[in-house]
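If you want the building blocks of each chain, they are given just below.
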Amino acid sequence: MCDHVADFYSSNNIFSKAYTFNLRSGNFESCIKNLESVMSYGDNNEKDLFITRFCFEMMIRQRKDNKGINLTNKILEHFKDCGHSPLFTLVQLFVRAIHEKDFELFRMAISMYR
């Protein structure tokens, strides 16, 4: 059902709503397509915000069998031409820490913000 609602919004150029319903349905490829459309209206300096939010959404929503981690890596790979940012570095640090179950990486990140 969410895919149909997303298709409706996408066909009416309401890409942010389409993206939201694609997230609910778990339609990863359509999420990317609609996110790219949303990003095209945003400022180039804010692209990393959209991508980072998408990464965290995947990590939160897809927790079983490392699916969220794998999808986050795919997101980062897909958007690799958007450049590097501190947010991307933070996401990569979290992904690595979760994947390797390495709490010391989290501690390292925390210590940077003291």
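Residues numbered from 1 in each chain as written. Predicted model: local features only at pLDDT ≥ 70, side-chain atom pairs only at ≥ 80, totals over all residues. Heavy atoms only, no water.

1. Section: the pattern of salt bridges
Overall, the coordinates contain five salt bridges when judged by the stated rule. With a closest N to O distance of 3.5 Å, E57 and R53 form a salt bridge. Highlighted residues: E57 and R53, both in helix α4 (residues 47–61), separated by four residues, approximately one helical turn. The exposed category is assigned to R53, whose relative accessible area is 52%. (Salt bridge = Lys/Arg side-chain N within 4 Å of Asp/Glu carboxyl O. Helix = DSSP H or I, 4+ residues; strand = E, 2+ residues; numbered from the N terminus. Buried < 20%, exposed > 50% of the residue type's maximum accessible area, 1.4 Å probe, protein only.)

2. Here's the deal with the environment of V5
Structurally, V5 can be placed in helix α1 (residues 2–11). Taking relative accessible area as the criterion, V5 reaches 24% and is therefore assigned partly exposed. It is 9.9 Å that separates the C-alpha atoms of V5 and T20, two residues lying 15 residues apart in sequence.

3. Examining the confidence of the model for the protein chain
Overall, the prediction assigns the protein chain a mean pLDDT of 89, with 99% of residues at 70 or greater. The secondary structure element of the protein chain with the lowest average pLDDT is helix α7 (residues 103–111), at 84, and the one with the highest is α1, at 94. (pLDDT = per-residue confidence, 0-100.)

4. Digging into the environment of F54
In this structure, F54 sits in helix α4. Owing to a relative accessible area of 0%, F54 belongs among the buried residues under this scheme. In sequence terms F54 and L76 are 22 residues apart; their C-alpha atoms lie 9.8 Å from each other. Among residues more than four places away in sequence, those in contact with F54 are Y19, L23, F28, C31, I32, L35 and I75. (Contact = heavy atoms within 4.5 Å.)

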